[in-house]
Amino acid sequence: MFNVAIIGHGSSLKTNRLGYLIDTHDAVVRIKNGIELSNERPESFGSKTTHVCLAAQVLSSKSDYKKDSALYPEGVERWLYDLQSDDETLAFWMKRYLTMKTGNAGFFSTGTAAVMFACKHLAPLRLSLFGFDAYRHPGAVYTNSFGKVMGPGHSWALERLLIEEMAMKSGTSLIFVE
């Protein structure tokens, strides 16, 4: 009975005040700097963090990933989404994504990478996705929890199909929480 929550950056989190529900999960995965939001507004974003998923391409250097700081407290496991790694699971899902996509969708998002890592390393029975607004409404322009207007930079509809496939292959029940 392992329940995992992955916390995205969708603005729906700001108004829904679901922090208490997020904190009931056995593991809570935050994306990039999402841990800042949990510190600032735990009533909306929860306060529990067990894992953080970071994208190597947005770090100024690999040493940033290893640096101890208040942002990544002791005991929080960090997953590095690195396209240069030799991780077979990442290679499989990236290849799958690239064969599905059309146009210039690029690589999948850190949110999708967090789902992949959770399915691989935590093998949850239930995976609850909070703040994955773009996956629910692909193509829409939206404002994230940091107030940044986000356009359709990723192929969100395709990424949603991909994470649904990831969950199905790992025997995980997937829930988008609004």
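Model, not experiment: these values are computed from the prediction.

So, about the packing of helix H6 (residues 88–100) against helix H9 (residues 156–170). Viewed as axis vectors pointing N to C, H6 and H9 meet at an angle of 140°, and their least axial separation amounts to 11 Å. Considering their axes alone, H6 and H9 lie oblique with respect to each other. As H6 runs across H9, the sense of the crossing is right-handed. The residues of H9 that touch H6, namely those facing Trp93, Arg96, Tyr97 and Met100, are Leu158, Glu159, Leu161, Leu162, Glu165, Met166 and Lys169.

Let us look at the environment of threonine 110. Within the element layout of this structure, threonine 110 appears in helix H7 (residues 110–121). Relative accessible area serves as the criterion here: at 6%, threonine 110 is assigned to the buried category. Counting along the chain gives 29 residues from threonine 110 to tyrosine 81, while the straight-line C-alpha distance between them is 7.0 Å. When near neighbours in sequence (up to four residues on either side) are disregarded, threonine 110 contacts Ile31, Lys32, Cys53, Leu54, Ala55 and Tyr81.

Moving on, we get to the packing of aromatic side chains. Counted under the stated rule, the structure contains four aromatic pairs. With a centroid separation of 5.6 Å and 35° between ring planes, the pair formed by tryptophan 79 and phenylalanine 117 is classed as tilted. Placement of tryptophan 79 in strand S4 (residues 77–81) and of phenylalanine 117 in helix H7 is noted, with a sequence separation of 38 residues between them. Across the pair, exposure class does not vary: tryptophan 79 and phenylalanine 117 are buried alike. Arranged with centres 5.7 Å apart and planes meeting at 80°, the rings of tyrosine 97 and phenylalanine 108 form a pair that is edge-to-face. On the criterion of sequence distance, the pair formed by tyrosine 97 in helix H6 and phenylalanine 108 in the loop between H6 and H7 is long-range, its members being 11 residues apart. Each member of the pair, tyrosine 97 as well as phenylalanine 108, is classed as buried. Three or more aromatic residues link up through ring pairs in this structure, and these residues are Tyr81, Tyr97 and Phe108.

Taken together, the six strands give an open sheet; going across it, the order is S4-S3-S2-S1-S5-S8, and neighbouring strands pair in parallel fashion. Lying at the two open borders of the sheet, with one neighbouring strand each, are S4 and strand S8 (173–177). The average angle at which neighbouring strand axes cross in this sheet is 20°, direction not considered. When strand S1 (residues 3–7) meets strand S5 (residues 126–130), the two strands line up parallel, connected through five bridges. Residue pairing in the sheet places isoleucine 7 in a bridge with phenylalanine 130 of S5. Helix-sheet contacts for H7 involve S1, strand S2 (27–31), strand S3 (51–55), S4 and S5, and the interaxial angle to S4 is about 120°.

What counts and what doesn't
- Residues numbered from 1 in each chain as written.
- Predicted model: local features only at pLDDT ≥ 70, side-chain atom pairs only at ≥ 80, totals over all residues.
- Heavy atoms only, no water.
- Axes fitted to C-alpha atoms, helices over the stretch in contact; angles between N-to-C directions.
- Helix = DSSP H or I, 4+ residues; strand = E, 2+ residues; numbered from the N terminus.
- Parallel < 35°, antiparallel > 145°, perpendicular 65-115°, else oblique.
- Left-handed = near helix turned anticlockwise from the far one by under 90°.
- Contact = heavy atoms within 4.5 Å.
- Buried < 20%, exposed > 50% of the residue type's maximum accessible area, 1.4 Å probe, protein only.
- Phe/Tyr/Trp six-rings, centres within 6.5 Å; stacked < 30°, edge-to-face > 60°.
- Pairing = 2+ DSSP bridges.

Everything listed here is a matter of coordinates, which is why it stays silent on function.
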